[in-house]
Structure formats: structure tokens, C-alpha cells
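Structural description and commentary
Here is how the chains run, residue by residue.
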Amino acid sequence: MNYIDPHIHMISRVTDDYHQMAQCSCVAISEPAFWAGFDRGSAEGFRDYFHHLTEIEPKRAAQFGIKHYSWLCINAKEAENVKLSREVIAVIPEYLNKPNVLGIGEIGLNKNTANEAIVFQEHLDLAMKTNELILIHTPHLEDKYKGTRMILDMLRGDRVPAAPPKGVHPGKTDPQ
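Residues numbered from 1 in each chain as written. Predicted model: local features only at pLDDT ≥ 70, side-chain atom pairs only at ≥ 80, totals over all residues. Heavy atoms only, no water.

**Description of the overall build of the protein chain**
The following threshold applies: In this text, helices come from DSSP runs of H or I with a minimum length of four residues, and strands from runs of E with a minimum of two, each type numbered from the N-terminal end. Only protein chains enter the accessibility calculation, which uses a 1.4 Å probe; a residue is then buried when its area is under 20% of its type maximum, exposed when over 50%, and partly exposed in between. Two residues qualify as a contact provided that any one of their heavy atoms is within 4.5 Å of a heavy atom in the partner residue.
Along the protein chain, the regular secondary structure elements total five helices and five strands. Listing the helices and strands of the protein chain from first to last along the sequence gives β-α-β-α-β-α-β-α-β-α. When the 176 residues of the protein chain are sorted by exposure, 40% land in the buried category. For the protein chain, restricting intrachain contacts to residue pairs at least 6 apart in sequence, the fraction spanning at least 24 positions comes to 71%.

Laid out in C-alpha cells, this is it:
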């Protein structure tokens, strides 16, 4: 039976992992942008990261017959620096037309701070402006319930339109 891994961070894994996944019948993966274990210091660092997600990882995966899809954002763990976050969000549109980019994500909150909320909302604004899907992450470290409520409150009203019909991704074409 074939399977899809909907959430995996392959940039931090060795090629042997692709080999083992292929042996277990993995046919596609979805890789959300994530915190690298350290705060990146510039938008150019993110540009390199997005290039890796959209160009390098798909080639690594293809060597094993696996399709690689990605989501792009600045992770909530790095969102305290609003100036840097805005610079990174400004870079994201350069990559959105890549056939393996699914949308904006994984956006959300980490410690439920005001700066994280600002950056979350600015990611939402970009997604609405560019007609992209969003992938949302709820907090790990602080009050998960409070953070989830904050996210839902920011999504309420007319900020995010109703979902398109099942199987339809407005603004994207089938990459095959």
C-alpha cells in the first residue's frame, strides 16, 4: 500500500531516510517550513532555506521516486523579531509559483505573544492576497488552549474566506 507523509522535515534528515521511506512505499511528502533549532539572522538566510525546500529537496526525494511538496513561512519561534519576519514574508511570493509549493505554513503561535500574533496575521494577509492555502500550527510550549483560541479568533469574521470545494485549490494548477 502506498502512503503520503503529510508532515515531515526532510531538510534535517539524511538521504538514507528517503531510501527507507521509498522501501516502505512512501510516494509523496509535505514539508512545512520550520525552526532550524536556531534563529536565522536575515531574510537572505530564509531565501536560501526556501530555495532548498523548493529546489534541492524535491531533487533528493525524486531520486527515490518520492514527490516533495513544501509550505513556506517564518516559524512562530522566530516571530518575535517583527522586522525580520516582515522581510521574510516579503520574500515568500518569489517562491509561491513553484509547482511543489502548497501554500503558507506552518504558521501559528509558539508562546502566544503579541509579536507572534502580528506575524501570524501578516502571513494570513499574504495568503489571502496571493490566494494560497495555509497550514496552521498550534503552540507547544505555552498554554495550548489559549493559543488555539487566539488563532481561531484571528481567523474569525471575513479575514479568511470560506474554504473552496473539496479538492480545489484556487490559484494552483496540478503540478503533474
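**Quick look at the pairing of strand 2 (residues 26-31)**
The condition is simple: The handedness rule is simple: strands pointing away from the viewer, and a clockwise path from the first strand over the helix to the second, make the crossover right-handed.
Counting buried residues along strand 2, five of its six residues qualify, which places the element largely inside the surrounding structure. Between strand 1 (residues 3-5) and its parallel partner strand 2, the chain crosses via helix 1 (residues 15-23), and the hand of that crossover is right-handed.

**Re the sheet that holds strand 2**
Under the convention used in this document: Only strands that DSSP links by at least two bridges are regarded as paired with each other. Fitted lines through C-alpha atoms serve as axes, helices being fitted only where they are in contact, and the angles separating the N-to-C directions of these axes extend from 0 to 180 degrees.
As summarised here, the arrangement of the five strands in space is 1-2-3-4-5, forming an open sheet in which the pairing is parallel. With partners counted over all chains shown, the strands left at the sheet margins are strand 1 and strand 5 (133-137), one partner each. When strand polarity is set aside, the average angle formed by the axes of neighbouring strands in this sheet is 25°. Inspection of the sheet shows strand 4 (residues 101-108) paired to strand 5 by five bridges, in the parallel sense. Note that in strand 5 the partner of Gly-105 across the bridge is Leu-135.

**Things to note about the environment of Trp-71**
With respect to the helices and strands, Trp-71 occurs in strand 3 (residues 67-72). Exposure remark for Trp-71: the relative accessible area of 8% places this residue in the buried category. Separated by 62 residues in sequence, Trp-71 and Leu-133 have C-alpha atoms that sit 9.1 Å apart. Not counting the four nearest positions on each side in its chain, Trp-71 is found in contact with Ser-30, Glu-31, Pro-32, Ala-33, Leu-53, Leu-102, Gly-103, Ile-104, Gly-105, Leu-133, Ile-134 and Leu-135.

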